[in-house]
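# A look at the structure
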Amino acid sequence: MAPKHSDPWKLVIPAPRRCTVDLEAEGFSLPEVVTLFSDAEGGSEVIQAALPRIDRICQGTVYRWKRAADAAPAAVRLTPGDVEEGHYELAVTSAGVTVRAGGTAGFSAGLATVVQAVLLLDHGQTVLPAVTILDHPAYPWRGFMVDVARHFLPMESLHRVLDVVWLLRLNRFHLHLTDDQGWRLPVSAYPLLTDVGGWRSDCTSEGGRYGGFYSAGELRELDSDAAALGITVVPEIDLPGHASAAITAYPQIGCSREVPGVETRWGIFPAVISPVSQAARDFIRTVFAAATEVFQGPYIHVGGDEVMTESWASLTSEAGQEDQLYQQIVRFMTETVLELGRVPLVWDEASRLDLPRDTIILNWREPEFAGAALERGYRIVLCPQARRTYLDHKHRDTPLEAGRLSVCTVHDSSRYEPLLYVREALGPDLPGADRVLGGQGNLWTEGVRFHSEVEYMGYLRLAAISEGLWTGTPGAAAWSEGFRERLEWWRGRMIASGVNVYPGAMEA
Ligand code: ACM
């Protein structure tokens, strides 16, 4: 006999760890207005920050979500439980939905699971099947990076990206705020960073210039919405390389008095901050301090990638000393972040340096560099560019597909699980494996100009990546036995909500 209800719980991405569904039980008849209530610390804030996101996400459904005035009639209750931080318990009975957690992260993840299940109900099915879920993430760092420097995304776009970060139970939203082609972070002591560095020549734009920047207030609001959902915004100020925009605004922080111009090309450029000048050090300290006034999370990413150290040749008396200057300046940047009470992050080029051991390394190159960073005692986050987590790459290897530099299919992203990835390359005995914090998808935007393109490039592969980060098992391990179908459902529901998700083939 067919079960009474179809099962949306088995379609949720990432999959909850322990999920016991009873399709014969009555389940909960969803009212068209789904009310939410919390009597727990952090729970009300989760509801407050989630409601506008649920409205956007659930546009394609008949349900409207609303805060309940008091506990009695609420359809969904977030309530305190004796549950470990970050974990949650979810129960659906005929009486309603209860999420128990010990704090913000658990409530936020539990509510995201409920919303996805409602989104994934069969058309016409109004009963949420009875379930008991016990769930927690495999990795503490589950992120998504968006580059807002190469193309400037309006704040409305970042809020919509945050919707999806939340829905996939990710907990880090990394903003790449500065690069050669634009500076997007306001710093009151250096107004030209945004007034000059925020804009570049562009013959395809009205008036021949392209750019933009955020206000401190806008960024604070995004940051506090994210924090209310247990999501940490990680601001990145990419120095000492990728600094053409900054040096154009303030040439005294560069190595010569030349003004490079805010870059109009993509690539790696010789405009590099001076590692020896007091002006550059004052600049770094002031800019990082400004970031701490906008972002409340514990991290500041200082970049450190793709530095043309040749630009420093004139500052050294002997050949080969540029590396010492690289060491000096990145050490200064990381120590400055620590002095400000935050944890520094750097890209993995800098992991060969002797930096404070609290520094977290983002490994984007080959796994050998991750192994070396672990050997040196660093904690690492893995976001490999090679066919896993670089979401600016094409979904398929055809000249008709959007994207650049390389190919990363949805199936490739589904193969991603951080420890599996490094162990496949370096062997099962990985010293320091407990210092692998997790991973993230990265969306560079040289070829991504509009929000709809963020959706297209990002959302399907990010869902694929989230599975390995949350469950510790890559989605591809069950590709034909269900994961592919779950991605199809995710895609279908995104499209129904008006999202421009990639519609094409998931394999090469
Ligand atoms: C990077 O892709 N340059 C971090």
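About the thresholds
- Residues numbered from 1 in each chain as written.
- Predicted model: local features only at pLDDT ≥ 70, side-chain atom pairs only at ≥ 80, totals over all residues.
- Heavy atoms only, no water.
- Salt bridge = Lys/Arg side-chain N within 4 Å of Asp/Glu carboxyl O.
- Helix = DSSP H or I, 4+ residues; strand = E, 2+ residues; numbered from the N terminus.
- Buried < 20%, exposed > 50% of the residue type's maximum accessible area, 1.4 Å probe, protein only.
- Pairing = 2+ DSSP bridges.
- Axes fitted to C-alpha atoms, helices over the stretch in contact; angles between N-to-C directions.
- Contact = heavy atoms within 4.5 Å.

## Considering the pattern of salt bridges
Side-chain pairs of opposite charge can arise where the charged atoms are in close proximity. Across all of its chains, the model carries 24 salt bridges by this definition. Notably, a salt bridge pairs Asp 163 with Arg 56, separated by 2.7 Å at the nearest N-O pair. Taken together, the residues Asp 163 in helix α3 (residues 155-167) and Arg 56 in helix α1 (residues 43-57) connect sequence positions 107 residues apart. Accessibility assignment for this pair places Asp 163 and Arg 56 in one class, buried. The residue Glu 488 makes a salt bridge to Arg 491 at a minimum N-O spacing of 3.2 Å. Taken together, the residues Glu 488 and Arg 491, both in helix α13 (residues 479-496) and three residues apart, mark about one turn of the helix. The exposure class assigned to Arg 491 is buried, which follows from its relative accessible area of 7%.

## Observations regarding the pairing of strand β9 (residues 130-135)
Examined bridge by bridge, strand β1 (residues 18-22) and β9 share five bridges and lie antiparallel to one another. The residue bridging Cys 19 from the neighbouring strand is Ile 133, located in β9. Direction of pairing for strand β6 (residues 88-93) relative to β9: antiparallel, over a ladder of five bridges. Within β9, the residue paired with Leu 90 across the bridge is Ile 133.

## Points about the sheet that holds strand β21 (residues 436-443)
The eight strands are arranged β10-β11-β16-β17-β18-β19-β20-β21 in a closed barrel whose pairing can be described as parallel. Neighbour to neighbour, the strand axes of the sheet diverge by 30 degrees on average, direction disregarded. As paired strands, strand β17 (residues 299-303) and strand β18 (residues 343-347) are joined by three bridges and run parallel to one another. The residue of β18 that forms the bridge with Tyr 299 is Val 343. Its contacts with the sheet put helix α8 (residues 322-339) on β16 (232-239), β17 and β18, and the angle it makes with β18 is roughly 150 degrees.

## Re the sheet that holds β9
In space, the seven strands of this open sheet follow the order β1-β9-β6-β7-β5-β3-β4, with mixed pairing throughout. Whereas interior strands pair on both sides, the edge strands pair on one side only; in this sheet they are β1 and β4 (64-67). Neighbour-to-neighbour, the strand axes of this sheet turn through a mean angle of 15 degrees, independent of strand direction. In the packing of helix α2 (residues 104-119) onto the sheet, contacts are made with β3 (33-38), β4, β5 (76-80), β6, β7 (96-101) and β9, and the angle to β7 comes to roughly 155 degrees.

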